[in-house]
Amino acid sequence: MDDGLDPAEVAAALLAGVGLLVRRIRQVPTPGELTMPERAALSHLDRSGPATSAALARAMQITAQSMGATTGALRARGLVERRPDPDDGRRVVLTVTDTGRQALQNKRDARTELLAQAMTSGTFTPTELEQLASAAALLERLAQNI
């Protein structure tokens with residue numbers, strides 16, 4: 001690393017910039033808006049596969065009662081469904097429905113479109129766009145090293 005760069009200062013600047021970006025992106029409205037807990041639970045189920053409500057609550061570090069309310073709202077909207085646990089017929093697992101996957105995709109698409117519009121609004125030069133592309137790969141590698 002360049003002797004003139006302080007890793008702590010770079011880390012602080014990255015946290016501030018990425019934090020602001022994430023907060024702004026989370027504010028992007030989409031049709032049929034999901035609450036933050038609903039989106040987190042739905043995303044977890046989509047990434048990790050079917051889970052019981054209790055296991056999902058532990059993974060999300062919230063109470064079983066809070067997760068019950070969240071998954072109840074998701075079920076009422078047809079975004080998740082209950083199925084018998086293939087390993088234990090006495091339990092049920094929650095699974096993302098096609099409608100749930102579409103809701104997640106809609107949110108991702110809206111976020112991607114917002115970023116693309118911001119980058120093509122004339123605020124960034126072609127060189128800066130190349131730097132952002134390089135930074136994306138570096139940020140991913142940084143995240144994998146944490």
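Bear in mind the structure is a predicted one, so any value in this text is a computation, not a measurement.

Asks: Got a minute to help me understand unusual backbone geometry in this structure?
Replies: Working note: non-glycine residues mostly have negative phi, and peptide bonds are mostly trans. Phi at Q61 is positive, roughly 60°, even though this residue is not glycine. Along the chain, Q61 turns up in the loop between α3 (53-60) and α4 (64-76). Given the relative accessible area of 73%, Q61 is considered exposed.

Asks: When you look at a nonpolar patch on the surface in this model, what are you seeing that I'm missing?
Replies: A cluster of nonpolar side chains, L5, V10, L14, V18, V22, L139, L142 and I146, forms an exposed patch at the surface whose accessible area comes to about 660 Å². For the nonpolar patch, the secondary structure elements donating two or more residues are α1 (7-26) and α6 (126-144). Among the structural elements, L14 can be located in helix α1.

Asks: In this structure, what is going on with the pattern of salt bridges? I would like to understand it.
Replies: Two side chains of opposite charge can pair, provided their charged atoms sit close to one another. A full pass over the atoms with the stated rule returns ten salt bridges. Among the salt bridges present, the one from K107 reaches E33, with a minimum N-O distance of 3.4 Å. Here E33 lies in the loop between α1 and α2 (36-48) and K107 lies in helix α5 (residues 98-119), a separation of 74 residues in the sequence. Under the relative-accessibility criterion, K107 is labelled buried at 3%. For R90, the salt bridge goes to D88, with nearest N and O atoms at 3.0 Å. Taking the relative accessible area as the measure of exposure, R90 reaches 76% and is therefore exposed. Shared partners join several salt bridges into a network, and the residues in it are D46, D98, R101 and R108.

Asks: Even after reading the chapter, I still don't get the nonpolar core, so can you show me in this structure?
Replies: Grouped burial of nonpolar side chains is what soluble globular proteins tend to show. One finds L34, L42, L45, L56, L74, L79 and V80 to be the most contacted residues of the largest nonpolar core, which totals 15 residues. Of all the secondary structure elements, the ones that give two or more residues to this core are α2, α3, α4, β2 (92-96) and α5. Here this core gets three residues from one element, more than from any other, and that element is α2. Each residue touching L79, except ones within four places of it in the same chain, is listed here: L34, L42, L74, T95, V96, T97, T99, G100 and A103.

Asks: Help me understand the environment of L14, please; the structure alone is not making it clear to me.
Replies: Looking at L14, the relative accessible area reads 34%, which means it is partly exposed. C-alpha of L14 to C-alpha of A103: the two residues are 89 residues apart in sequence and 30 Å apart in space.

What counts as what
- Residues numbered from 1 in each chain as written.
- Predicted model: local features only at pLDDT ≥ 70, side-chain atom pairs only at ≥ 80, totals over all residues.
- Heavy atoms only, no water.
- Helix = DSSP H or I, 4+ residues; strand = E, 2+ residues; numbered from the N terminus.
- Buried < 20%, exposed > 50% of the residue type's maximum accessible area, 1.4 Å probe, protein only.
- Patch = residues over 30% accessible without salt bridge, like charges linked within 9 Å, V, L, I, M, F, W, Y side chains within 5 Å.
- Areas by Shrake-Rupley, 256 points an atom, 1.4 Å probe, with all protein chains shown as cover.
- Salt bridge = Lys/Arg side-chain N within 4 Å of Asp/Glu carboxyl O.
- Core = buried A, V, L, I, M, F, W, Y, C linked by side-chain atoms within 4.5 Å.
- Contact = heavy atoms within 4.5 Å.

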